[in-house]
Amino acid sequence: MSLGLLALVLGGVWTLQGLGRIGDGLMSDRTGWAVVGGVLIVAGLALIVLGMRRRSAGR
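What comes next is a walk through the structure. (Residues numbered from 1 in each chain as written. Predicted model: local features only at pLDDT ≥ 70, side-chain atom pairs only at ≥ 80, totals over all residues. Heavy atoms only, no water.)

What the protein chain contains, in helices and strands, is two helices and zero strands. The globule rule puts the C-alpha radius of gyration for 59 residues at 10 Å, and the 14 Å found for the protein chain is more than 25% above it. Principal axes of the C-alpha set define a box for the protein chain whose edges measure 45 × 15 × 10 Å. Per-residue burial for the protein chain yields a buried fraction of 20% across its 59 residues. (Helix = DSSP H or I, 4+ residues; strand = E, 2+ residues; numbered from the N terminus. Rg over C-alpha atoms; globule rule 2.2 N^0.38 Å. Buried < 20%, exposed > 50% of the residue type's maximum accessible area, 1.4 Å probe, protein only.)

A separate point is unusual backbone geometry. Notably, Asp29 is not glycine yet its phi reads approximately 60 degrees, a positive angle. Take Asp29: it is sitting in the loop between helix H1 (2-18) and helix H2 (31-57). Among the residues examined, Asp29 registers a relative accessible area of 61% and is labelled exposed.

Now for the packing of aromatic side chains. On inspection of all chains with the given rule, the structure shows one aromatic pair. With a centroid separation of 5.3 Å and an interplanar angle of 70 degrees, the aromatic rings of Trp14 and Trp33 are classed as edge-to-face. Of this pair, Trp14 sits in helix H1 while Trp33 sits in helix H2, and the two are 19 residues apart along the sequence. For Trp14, a relative accessible area of 23% gives the class partly exposed. The partly exposed category is assigned to Trp33, whose relative accessible area is 33%. (Phe/Tyr/Trp six-rings, centres within 6.5 Å; stacked < 30°, edge-to-face > 60°.)

Quick look at H2 now. Each α-helix winds once per 3.6 residues, and so residues spaced three or four apart point in a common direction. Counted at 1.5 Å a residue, the expected span for H2 with its 27 residues is 39 Å, and the 39 Å between its end C-alpha atoms agrees. Residues of H2 that are buried make contact with H1. (Expected span 1.5 Å × (residues − 1). Contact = heavy atoms within 4.5 Å.)

Printed below as a string of structure tokens:
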């Protein structure tokens, strides 16, 4: 679950940077980073859901 949370946060930052909402850097206003961030957000959510299912199944 912690890896999923990390992926979720990192994906959010990358998406916002890719859309130009955060700072001026190499990743700003680059749609490729926004797409990669979105994919990472989905992967993070999937990891969190899997972690929650395993945790509840173990009880």
